[in-house]
Amino acid sequence: MFGGVATLNLDSKGRLAIPARHRELLSAHCAGKLVITVEPAGCLLVYPEPDWVPVRDKLNQLSGAQVSIRRVIVGHAEEIEMDGAGRVLIPPRLRQIAGLDKEVALVGMGNKFELWDDAKWAAQTASVLAIDPAELAQQMQGIVL
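These lines cover the structure that appears in this document, whether it is placed above or below. (Residues numbered from 1 in each chain as written. Predicted model: local features only at pLDDT ≥ 70, side-chain atom pairs only at ≥ 80, totals over all residues. Heavy atoms only, no water.)

**Overview of the packing of aromatic side chains**
Part 1 of the reasoning: A full pass over the atoms with the stated rule returns 3 aromatic pairs.
Part 2 of the reasoning: On the numbers, 5.5 Å between centres and 55° between planes, the contact of Y47 with W52 is tilted. Of the two residues, Y47 and W52, neither departs from the other in class, the shared state being buried.
Part 3 of the reasoning: Residues W116 and W121 carry aromatic rings whose centres are separated by 5.9 Å and whose planes lie at 50° to one another, so their mutual orientation is tilted.
Part 4 of the reasoning: Take W116: its relative accessible area is 4%, and that puts it in the buried class. (Phe/Tyr/Trp six-rings, centres within 6.5 Å; stacked < 30°, edge-to-face > 60°. Buried < 20%, exposed > 50% of the residue type's maximum accessible area, 1.4 Å probe, protein only.)

Next comes the structure, spelled out in structure tokens:
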């Protein structure tokens, strides 16, 4: 569904322009209604609203030591909506948690997006690319690309 990495800028109000290649699909799939929340790895998750519901329901079944994960992800979830220009307002609290300032990377992850500070995304990418090829091959065993 969603793939690729787009390096974008947040405007002075904290709005993000969704790339044109994703706007039509988002409009058709969820009428531009999205849910954004934190991801413990240090980015934000952006789901089309219909795809968020089953994730939320699974998270709400967590118990015991996993309750803190549920609190963070579900507790910070906010509904946002694309405006007529295809922009979404990233809530200030979530921008602060993820360390988003100006340059961001919007990463398509199939049924959702990850929204990273661009420098953090570059570091994440460099870290994976620096893994020894033999170790990487072992980690990817059984994964078909």
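**Considerations on the environment of G99**
Part 1 of the reasoning: Locating G99 in the fold gives a position in the loop between helix 4 (92-98) and strand 7 (103-108).
Part 2 of the reasoning: Residue G99 is classed as partly exposed on the basis of its relative accessible area of 35%.
Part 3 of the reasoning: Residues G99 and C30 lie 69 residues apart in sequence; the distance between their C-alpha atoms is 27 Å. (Helix = DSSP H or I, 4+ residues; strand = E, 2+ residues; numbered from the N terminus.)

**Notes on the nonpolar core**
Part 1 of the reasoning: The biggest cluster of nonpolar side chains holds 24 residues, and the ones touching the most others in it are L16, L44, I90 and L115.
Part 2 of the reasoning: Of all the secondary-structure elements, those providing two or more residues to this core are strand 1 (5-9), helix 1 (20-30), strand 3 (33-39), strand 4 (43-48), helix 4, strand 7 and strand 8 (113-117).
Part 3 of the reasoning: Residue contributions to this core peak at 3 residues, all from strand 3.
Part 4 of the reasoning: Setting aside its immediate chain neighbours within four residues, I90 contacts L10, G14, L16, I36, L44, R95, L100 and L115.
Part 5 of the reasoning: Among the nonpolar cores identified, the runner-up in size contains 6 residues, and Y47, W52, L59 and I73 belong to it. (Core = buried A, V, L, I, M, F, W, Y, C linked by side-chain atoms within 4.5 Å. Contact = heavy atoms within 4.5 Å.)

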